[in-house]
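Examination of the molecular architecture
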Amino acid sequence: MSSSVSTLSPAILSSQPIEVSNHEFLESIFCKASELSGTDSAPVCVSFSCSPAVACPADWYGFAWNKVNEPKDIRCNSYFSISAFRSDEHGKYRRKKSQFVGQFAIAFDDVVAQTVAGKTKAQIPWSQIKLAPSWVLETSEGNFQIGYILAEPITDKQTADVLSKAIIRKGLSDPGAGGPSTRLMRLPYASNTKTELPFRCLMRQWEPKLKYSLRQFTDAYDISLSETKKAKAPLPAKAKTVQTAYDGNAVWKPKPSVNIVVESLRSRGLIKSEIESGKYDITCPWTEEHTDQVDSGACYWEPDDEHPIGSFKCQHAHCQERNISDLLEFLGIEPEEAYMKDRIFLNPGEINRIVEASERILAETGLFYQRAGRVVAVYPQQGAAALKEVNIHDLTLEMAKLSRWQRYDGRAKRCVPTDPSAKCLTALLESQNHKFLPEIEAIVRQPILQEDGKIDLQRGYHPKTRLYCSYDPEKYQLEEKPFLGDALKALAELRKLLEEFQFEDSSDESAALCAMLTASVRSLLPFAPMFLIKAHQPGTGKGVLSELIFLMATAEKPSPIAFPKDSAECEKLLLAELLKAPSVLFFDNLTSDLYPHKYLCSAITSETLTGRVLGESRTATVGTKTLILANGNNVTPVGDMTRRVVPICIDTKEEIPASPVFNT
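Residues numbered from 1 in each chain as written. Predicted model: local features only at pLDDT ≥ 70, side-chain atom pairs only at ≥ 80, totals over all residues. Heavy atoms only, no water.

Below, the discussion takes up the sheet that holds strand E24 (residues 442-444). Read from one edge of the open sheet, 3 strands run E24-E28-E27, paired in mixed fashion. Edge positions in the sheet fall to E24 and strand E27 (460-462), since each has one partner strand and no second. Neighbour-to-neighbour, the strand axes of the sheet open up by a mean angle of 30°, direction not taken into account. Bridging between E24 and strand E28 (residues 467-469) involves 3 bridges; their strand directions are parallel. (Pairing = 2+ DSSP bridges. Helix = DSSP H or I, 4+ residues; strand = E, 2+ residues; numbered from the N terminus. Axes fitted to C-alpha atoms, helices over the stretch in contact; angles between N-to-C directions.)

Spelled out as structure tokens, the structure:
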């Protein structure tokens, strides 16, 4: 038969089955297998008597053909691999890319005279066949497998993979069909038991002398191998360009703007739908190997903290041992490329650029800021956000989560993963010139009142006020244009919270209301007085009122501190506490009057406070947008503190003040 074909159809095939033994068939295709890597190289055969629909995964593993052990039972479903493989360290032969030696044939499945609408599998009309086959095997009535024996096997794995993908793009194979490492075709001396009545496989054409070079095959089917051989997994053309730290930065590769695995699956037509954010319903790439080729459902998950390179699961028993590594191997994607993270390369002499890249990565999270020249982070704490200074240990762990660090390995002649550099991260923490981390003043737990009088319910960081808003906007049902009646109603609600307290005078109730309102908006005020809750005896409810005012500012539990004894201690204490940007600075149970320590006076009447950081050889300037609250028995402001403190006096006029029970 001539090798060129124009009108190949079932009509020109042999009407009588051609008897070809499995040994003769395999010997004709794999006669040169032993020449590649000695007798160790062999195709894998699979054979089982049960129906493919109930075959277990172990049945599909198969065995190496040693020229005498080919399947001989015509009642069995028998297959062969189109490639030869070498044994692993345990002497076992598996259809894996790591054991691939060479591809010896190219085969098409489901070649039909007439396509059927609605079938999910690829159906190849006879009109698409452009080259005379080496064999044509009828595997069910009107359904054929055709194959081409290669004159010289394809020994380059990448070329074999590229060829397989090109055949799929031409519509000559299922999108989920396996590559040369897994592809199985039926043997001639066998049966197909998928149907209710087993079908005896029939050889309709057998021309073992028709062998083709790879070039002859690709020319006949107009297939180009150069397009996809340039790179294993090129980014799609629609991928967005990400701006690097600055032109010529050789140490930072920003994370991909699109997931290369998702794009690769989509380009192969394997994505059915996105079930939810980051989770995709896909066609299993190994559907061809499933019993009865049933696509029983498979999912791909994008990378997260638990699965840094993503996750893959197929529900079919045949794929129960396959995972994300197998999916990446099928797609031709290196595991390192699957990380959706920024990359930092530890190039010698580039510490300035490495520090800059690290800072930009932190800034992009929206959780890292600078305060008083130090790097701080917004952390969840007891259901609410808190501001915490970042130390080298915290930063190392965070950078390991956010980015992939790599160094050049001279022996391997390539970049390999490594841990974040403590030297570079220490330089980032110690630098007081952070160009990319925004300044933060405080964390607020209530909506922000803007300069134009409107309420801002947006969560997160506000660049204009340098405040971070941490609250649930749905809890605040606010009128867009409140009237006097709304204000009076709100006042009544606040007074209800105070009705059990016995104030010495009505002005003390007003002072308590003032403290509550100040606590809720302290971060928006440039200055605010200190509030002192005092009484003549213990047990009057000072602690309860303090906690009530405290809760107006934050959901955190009160953390009282001792009042400083002198100005030197006051300077160290205030600077250390204000560096943390607390909502409230609470002095509980004062045992002395409120003395006018210099730094305490400044913290009340100034927007910032500057001093030397305890234990460090540096000075820092911190904001003072913190409510200062104190309580005590028989204490009073002294000197300049009288102008800076609003007292709230409680007097139960009871012989035993602790006898009332508060419901606040």
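Tracing the chain through its elements places Arg 445 in the loop between E24 and strand E25 (448-449). For Arg 445, a relative accessible area of 9% puts it in the buried group. Sequence-wise, Arg 445 and Arg 322 are 123 residues apart; in three dimensions their C-alpha atoms are separated by 48 Å. (Buried < 20%, exposed > 50% of the residue type's maximum accessible area, 1.4 Å probe, protein only.)

With that settled, the discussion passes to the confidence of the model for the chain. When pLDDT is averaged across the chain, the result is 85; 91% of the residues are at 70 or more. This model gives residues 227-248 a pLDDT under 50, and the stretch forms 36 contacts once residues within four places in sequence are excluded. (pLDDT = per-residue confidence, 0-100. Contact = heavy atoms within 4.5 Å.)

Here the focus is the sheet that holds strand E16 (residues 298-301). Judged by pairing direction, the sheet is antiparallel, and its 4 strands sit side by side in the order E14-E15-E16-E17 without closing on themselves. Two strands bound the open sheet, and with one partner strand each, they are strand E14 (271-276) and strand E17 (311-314). When the angles between neighbouring strand axes are averaged without regard to direction, this sheet yields 20°. Across 4 bridges, E16 lies against E17 in antiparallel orientation. Directly across from Trp 301, in E17, lies its bridge partner Ser 311.

Take the pairing of strand E7 (residues 143-154) next. Counting buried positions along E7 yields 10 of 12 residues, so the element is predominantly enclosed. Pairing of strand E4 (residues 100-112) with E7, which is carried by 7 bridges, proceeds in the antiparallel orientation. By the bridge assignment, Val 112 is partnered in E7 with Asn 143. The sheet contact formed by strand E6 (residues 135-140) and E7 spans 5 bridges and is antiparallel. Opposite Glu 138, over in E7, you have Phe 144 as the bridge partner. Once E6 ends, the chain turns through 2 residues before running back antiparallel as E7, passing Gly 142 with a positive phi of about 80°. As paired strands, E7 and strand E12 (residues 211-212) are joined by 2 bridges and run parallel to one another. When the bridges of E12 are listed, Ile 149 appears paired with Lys 211.

A contiguous nonpolar patch, built from Leu 449, Ile 455, Leu 457 and Leu 478 and spanning about 340 Å² of accessible area, is present on the exposed surface. With respect to the helices and strands, Leu 478 occurs in the loop between E28 and helix H12 (484-498). (Patch = residues over 30% accessible without salt bridge, like charges linked within 9 Å, V, L, I, M, F, W, Y side chains within 5 Å. Areas by Shrake-Rupley, 256 points an atom, 1.4 Å probe, with all protein chains shown as cover. Salt bridge = Lys/Arg side-chain N within 4 Å of Asp/Glu carboxyl O.)

This part takes up helix H1 (residues 22-29). Within the span of H1, buried status applies to Asn 22, Phe 25, Leu 26, Ser 28 and Ile 29. Buried residues of H1, seen end-on, are gathered within an arc of 160° and therefore sit on one face of the element. (Arc of directions from axis to C-beta.)

Our focus in this paragraph is helix H14 (residues 542-553). Because each turn of an α-helix spans 3.6 residues, side chains separated by three or four positions in sequence point in the same direction. For H14, with 12 residues, the first-to-last C-alpha span of 17 Å sits near the 16 Å given by 1.5 Å per residue. Taken as a whole, H14 has its buried residues at Lys 542, Leu 545, Ser 546, Leu 548, Ile 549, Phe 550, Met 552 and Ala 553. Where H14 is buried, its residues touch H12, helix H13 (506-521), strand E29 (530-535), strand E30 (584-590), strand E33 (627-633) and strand E34 (645-650). (Expected span 1.5 Å × (residues − 1).)

To continue, consider the nonpolar core. Counting 33 residues, the largest nonpolar core has Phe 108, Ile 129, Tyr 148, Phe 217 and Tyr 221 as the members making the most contacts within it. Every element with two or more residues in this core is listed here: strand E1 (42-48), E4, E7 and helix H4 (157-169). One finds Ile 561, Leu 573, Phe 587 and Leu 600 within the second-largest nonpolar core, a separate group that totals 29 residues. (Core = buried A, V, L, I, M, F, W, Y, C linked by side-chain atoms within 4.5 Å.)

Looking now at the environment of Ile 628. Residue placement: Ile 628 occurs in strand E33. C-alpha of Ile 628 to C-alpha of Phe 587: the two residues are 41 residues apart in sequence and 8.0 Å apart in space.

Now for the packing of H12 against H13. The relative placement of two packed helices is expressed as an angle between their axes plus a distance between the axes. Contact pair H12 / H13: the axes reach a minimum separation of 11 Å and the direction vectors enclose 110°. Here H12 is positioned roughly perpendicular relative to H13, judged by the angle of their axes. Judged by the sense of rotation from one axis to the other, the crossing of H12 with H13 is right-handed. Between H12, through Leu 491, Leu 494, Arg 495, Leu 497 and Leu 498, and H13, the contact on the second element is made entirely by Glu 509, Ala 512, Leu 513, Met 516 and Leu 517. For the contact of H12 with H13, the per-class residue count stands at 8 nonpolar, no polar and 2 charged. (Parallel < 35°, antiparallel > 145°, perpendicular 65-115°, else oblique. Left-handed = near helix turned anticlockwise from the far one by under 90°. Nonpolar A, V, L, I, M, F, W, Y, C, P; charged D, E, K, R; others polar.)

Under the counting rule described, the total for this entry stands at 23 aromatic pairs. Ring centres 5.4 Å apart and planes at 35° place the aromatic pair Phe 25 and Trp 206 in the tilted group. With Phe 25 in helix H1 and Trp 206 in strand E11 (residues 202-206), the pair connects residues that are 181 residues apart, well separated along the chain. The same class applies to Phe 25 as to Trp 206, namely buried. For the pair Tyr 148 and Phe 217, a centre-to-centre distance of 5.6 Å together with 65° between the ring planes defines the contact as edge-to-face. Of this pair, Tyr 148 sits in strand E7 while Phe 217 sits in helix H5 (residues 214-220), placing them 69 residues apart in sequence. By the burial criterion, Tyr 148 is buried, and Phe 217 matches it. (Phe/Tyr/Trp six-rings, centres within 6.5 Å; stacked < 30°, edge-to-face > 60°.)

To continue, consider the packing of H13 against H14. The geometry of H13 relative to H14 is characterised by a closest axis approach of 6 Å and an angle of 30° between their N-to-C directions. Comparing their axes, H14 and H13 come out roughly parallel. Crossing geometry of H13 relative to H14 is assigned as right-handed. Contacts between H13 and H14 involve Ala 515, Met 516, Ala 519 and Ser 520 from the former and Leu 548, Ile 549, Met 552 and Ala 553 from the latter. The residue makeup of the contact of H13 with H14, split by class, is 7 nonpolar, 1 polar and no charged.

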